[in-house]
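# Per-entry structural report
Each chain, written out:
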Amino acid sequence: MSSKTLIVNDQEQRDRLVLTDTARENVSKVLEVLHDPIPILLEGSTGVGKSASVMEAAHQSGHNLIRYNMSSRVTIDDLLGKVALAVDELSQTTRLQFVDGPFTIAFARGYWILFDEL
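Here the structure is a predicted model, which means the values were calculated and not measured.

## Looking at the overall build of the chain
Scanning the chain from terminus to terminus reveals four helices and five strands. Secondary structure elements in the chain, listed N-terminal to C-terminal, are β-α-α-β-α-β-β-α-β. Here the contacts in the chain between residues at least 6 apart in sequence split such that 59% fall between residues at least 24 apart. By element, 53% of the accessible surface of the chain is carried by carbon and sulfur atoms, the whole surface being about 8,500 Å².

## Thoughts on the nonpolar core
Counting residues in each nonpolar core, the largest one holds nine residues, listed as Val27, Val30, Val54, Met55, Ala57, Ala58, Leu65, Trp112 and Leu114. It is helix α2 (residues 50-61) that provides the largest number of residues to this core, a total of four residues.

## Considerations on the pattern of salt bridges
Counted according to the given criterion, the structure contains three salt bridges. The residue Glu25 makes a salt bridge to Lys29 at a minimum N-O spacing of 3.3 Å. Linking Glu25 with Lys29, this pair stays in helix α1 (residues 21-32), spanning four residues, or about one helical turn. By relative accessible area, Glu25 is classed as partly exposed at 42%.

## Some remarks on unusual backbone geometry
Although it is not a glycine, Gln92 sits at a positive phi angle of roughly 55 degrees. Locating Gln92 in the fold gives a position in the loop between β3 (81-88) and β4 (93-100).

## Quick look at the layout of surface pockets
Roughly 1,200 Å³ of volume is contained in the largest pocket. Taken together, 35 residues form the lining of the largest pocket, with Ile40, Val54, Ile113, Leu114 and Phe115 sitting closest to its centre. Of all the secondary-structure elements, those providing two or more residues to the lining of the largest pocket are α2, α4 (102-109) and β5 (112-116). Of the residues that constitute the lining of the largest pocket, the class distribution is 22 nonpolar, seven polar and six charged.

## Description of the pairing of β3
Where β3 lies against β4, eight bridges are found, and the strand directions are antiparallel. Along β4, the bridge assignment pairs Val83 with Phe98. The antiparallel hairpin formed by β3 and β4 contains four residues in its connecting segment, where Gln92 sits at a positive phi of about 55 degrees.

## Quick notes on the confidence of the model for the chain
The pLDDT averaged across the chain works out to 85; a share of 87% of its residues lies at or above 70. No element of the chain has a lower mean pLDDT than strand β1 (residues 5-8), at 57, and none a higher one than α4, at 96.

## Comments concerning a nonpolar patch on the surface
A grouping of Ile76, Leu80, Phe103 and Phe107 is seen on the molecular surface, where their side chains present a nonpolar patch of about 430 Å² in accessible area. Every element with two or more residues in the nonpolar patch is listed here: α3 (76-80) and α4.

Thresholds applied
Residues numbered from 1 in each chain as written. Predicted model: local features only at pLDDT ≥ 70, side-chain atom pairs only at ≥ 80, totals over all residues. Heavy atoms only, no water. Helix = DSSP H or I, 4+ residues; strand = E, 2+ residues; numbered from the N terminus. Contact = heavy atoms within 4.5 Å. Areas by Shrake-Rupley, 256 points an atom, 1.4 Å probe, with all protein chains shown as cover. Core = buried A, V, L, I, M, F, W, Y, C linked by side-chain atoms within 4.5 Å. Buried < 20%, exposed > 50% of the residue type's maximum accessible area, 1.4 Å probe, protein only. Salt bridge = Lys/Arg side-chain N within 4 Å of Asp/Glu carboxyl O. 1 Å grid on protein atoms, 1.4 Å probe; cavity = no way out; pocket = protein on both sides within 12 Å on 5 of 7 lines; lining within 4 Å. Points joined across faces, edges and corners; volume = space filled by probe spheres on them. Nonpolar A, V, L, I, M, F, W, Y, C, P; charged D, E, K, R; others polar. Pairing = 2+ DSSP bridges. pLDDT = per-residue confidence, 0-100. Patch = residues over 30% accessible without salt bridge, like charges linked within 9 Å, V, L, I, M, F, W, Y side chains within 5 Å.

Written out as structure tokens, the structure reads:
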């Protein structure tokens, strides 16, 4: 996984959302659509807590979450994965190996994925 990817779970989530009345309401709105198969898109101004609300909802519902920071340079290979050279420690040779991207990891493991800064 790239440096843009962060897998967030109970042990790794250091900064939890302060659950004010508004924050609690936003998290509950995310949790309301938990069993809906349609992805959600949160829109709003910078710094209003969209990502934090999703991360808190993942925590409260017991789901692992992969957070991926998007940019104009992100390619489909970055998201799905790509073939890369890997060093085989035993034989001291290089070989081609498919390296999963964050979307592939989330899909295969049943994690939530948060595309930040769309």
